[in-house]
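# Commentary on secondary and tertiary structure
If you want the building blocks of each chain, they are given just below.
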Amino acid sequence: MTKLCLPAGIRACLFDLDGVLTRTAVVHAAAWKQMFDEFLRRRGGPSFRPFDKTTDYDEYVDGRPRADGVRTFLASRDIDLPEGSADDPPDKDTVQGLGNRKNILVLEKIREDGVEAYPGSVRFAEAVRAAGLRTAVVSSSANCRDVLVAAGIEHLFEVRIDGVVAAERGLPGKPNPDTFLEAGRELGAAPAEAAVFEDALAGMEAGRAGRFGYVVGVDRAGQAGALREHGADIVVKDLAELLEGPP
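Throughout what follows, the structure given in this document is the object of discussion. (Residues numbered from 1 in each chain as written. Predicted model: local features only at pLDDT ≥ 70, side-chain atom pairs only at ≥ 80, totals over all residues. Heavy atoms only, no water.)

## A word on the overall build of the protein
To keep things clear, this is the line we draw: Every helix listed is a DSSP run of H or I at least four residues long, and every strand listed is a run of E at least two residues long, numbered separately from the N terminus. To measure how exposed things are, a 1.4 Å probe is used in the Shrake-Rupley method; for residues, cover is taken only from the protein chains shown.
From N to C terminus, the protein includes ten helices and eight strands. Just so you have it, the protein exposes about 10900 Å², and 48% of that area is on carbon and sulfur atoms.

Here you go:
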């Protein structure tokens, strides 16, 4: 029987989606870059400084709700835009308009390229379920359910707290711990009884702020040190590293 390499007392596993369960973090990074570069080029002309898919993405937008990512990155460039409204068109230079443009680009890329789950993450989630632990997906994405369905893994998770649910319940997004805490409550697990699995620095901070029993950093981008600095108890390259036993 496969053994889970988790601390004693962990009863629930709370998984981020993009970059932890599915290979969609690179899709989001590409969409953020395309959207911001188009905006920055309009604003600054040919001499604009482009959005960096590594440093800017990791520091300002990865793991955050879409509008928070727009605000945080723009603030890093000393750019102040009107907030706008949720139904702003994607060509309108407001926080909401830029966020809507990014979402359109993500959906286009997902339709074109499909969605793939990480095999090691699927194996780990299946082993977690077989061991009787509770499972939830905690994502800032408003497209979380569609991605889970497209990847064929929706059945592995009992609870989904995503961008849609967070907006309905007034939950602040990562790096605040509220969405993870809400998932734990729905599963009947106290923070000390839950493990968080994240690849984003904002997610690490949320895990630390929520005082969860175990915070696992998933290093898909060569940032193990930063994940530890932001709150990871352990860093792995793939969740299969947390399994012992036959594949």
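Next comes the rest of the description.
## Quick look at the packing of helix H1 (residues 25-44) against helix H4 (residues 95-113)
As a reminder, the rule being used: Interaxial angle, 0 to 180 degrees, is taken between N-to-C directions of lines fitted to C-alpha atoms, where a helix line uses only the stretch in contact. Roughly parallel refers to an angle under 35 degrees, roughly antiparallel to one over 145, roughly perpendicular to one between 65 and 115, and oblique to any angle outside these ranges. Each helix crossing is assigned a hand: it is left-handed if the near helix lies turned anticlockwise from the far helix by less than a right angle, otherwise right-handed if that turn is clockwise. Every residue pair with non-hydrogen atoms within 4.5 Å of one another is taken to be in contact. Each residue is assigned to one class: nonpolar for Ala, Val, Leu, Ile, Met, Phe, Trp, Tyr, Cys and Pro, charged for Asp, Glu, Lys and Arg, and polar for all the others, Gly among them.
Relative to each other, H1 and H4 sit at 135 degrees, their axes nearing to 9 Å. Taken together, the axes of H1 and H4 are oblique relative to one another. Where H1 crosses over H4, the two elements pack in a sense that is right-handed. Contacts between H1 and H4 involve Val-27, His-28, Ala-30, Ala-31, Trp-32, Gln-34, Met-35, Glu-38, Phe-39 and Arg-42 from the former and Leu-98, Arg-101, Lys-102, Leu-105, Val-106, Lys-109 and Ile-110 from the latter. Here the contact of H1 with H4 is built from residues that sort into ten nonpolar, two polar and five charged.

## Considerations on the nonpolar core
The criterion, for reference: The nonpolar core is taken to be a set of buried Ala, Val, Leu, Ile, Met, Phe, Trp, Tyr and Cys residues, with the residues joined through side-chain atoms within 4.5 Å. Only protein chains enter the accessibility calculation, which uses a 1.4 Å probe. A residue is then buried if its area is under 20% of the maximum for its type, exposed if over 50%, and partly exposed in between.
Counting residues in each nonpolar core, the largest one holds 56 residues, and the members touching the most others are Phe-124, Phe-197 and Leu-239. Those residues in contact with Phe-124 that lie beyond four places of it in its chain are Leu-4, Leu-6, Phe-15, Phe-197, Leu-239, Leu-242 and Leu-243. Counting residues in each nonpolar core, the second largest holds 23 residues, with Val-159, Leu-187, Met-204 and Val-235 among its members.

## Re the environment of Met-35
Residue placement: Met-35 occurs in helix H1. With a relative accessible area of 1%, Met-35 lands in the buried category.

## Considering helix H9 (residues 201-209)
Listed as buried for H9 are Leu-201, Ala-202, Gly-203, Met-204, Ala-206 and Gly-207. Its buried side turned inward, H9 meets helix H2 (55-61), helix H8 (178-187), strand E5 (194-198), strand E6 (214-218) and helix H10 (224-229). In the stretch just after H9, Arg-211 is the one whose phi turns positive, near 55 degrees.

## A closer look at the packing of H1 against helix H3 (residues 66-76)
One way to put it is that H1 packs onto H3 with a least axis distance of 13 Å and a crossing angle of 45 degrees. With respect to H3, the element H1 is oriented oblique. In the crossing of H1 with H3, the sense of the turn from one axis to the other is right-handed. Every residue of H3 that contacts H1 at Trp-32, Met-35, Phe-36, Phe-39 and Leu-40 is listed here: Arg-66, Gly-69, Val-70, Phe-73 and Leu-74. Here the contact of H1 with H3 is built from residues that sort into eight nonpolar, one polar and one charged.

## A closer look at the side chain of Asn-143
Within the element layout of this structure, Asn-143 appears in the loop between strand E3 (134-138) and helix H6 (144-151). Under the relative-accessibility criterion, Asn-143 is labelled buried at 9%. When near neighbours in sequence (up to four residues on either side) are disregarded, Asn-143 contacts Asn-103 and Leu-107.

## Looking at the pairing of E3
As a reminder of what qualifies: Whether two strands pair comes down to DSSP finding at least two bridges between them.
Of all five residues in E3, four are buried, a share of seventy percent or more. The pairing of strand E2 (residues 12-15) with E3 spans four bridges and is parallel. Of the residues in E3, the one forming a bridge with Leu-14 is Ala-136. In this sheet, strand E4 (residues 159-161) lies alongside E3 in parallel orientation, the contact comprising three bridges. Note that in E4 the partner of Val-138 across the bridge is Ile-161.

## Examining the sheet that holds E4
Strand pairing in a sheet takes place through backbone hydrogen bonds and is either antiparallel or parallel in direction. Across the sheet, which stays open at both edges, the six strands sit in the order E4-E3-E2-E5-E6-E7 with parallel pairing between neighbours. Edge positions in the sheet fall to E4 and strand E7 (234-236), since each of these pairs with one other strand and no more. Put simply, the sheet's adjacent strands are angled 20 degrees from each other on average, direction ignored. Seen against the sheet, helix H5 (residues 119-130) touches E2, E3 and E5 and runs at an angle of roughly 140 degrees to E3.

## Description of the environment of Gly-231
Within the secondary structure, Gly-231 is located in the loop between H10 and E7. The buried category is assigned to Gly-231, whose relative accessible area is 12%. As for Gly-231 and Tyr-214, which are separated by 17 residues in sequence, their C-alpha atoms are 9.9 Å apart. Setting aside residues no more than four positions away along its own chain, Gly-231 makes contact with Met-204, Arg-208 and Val-215.

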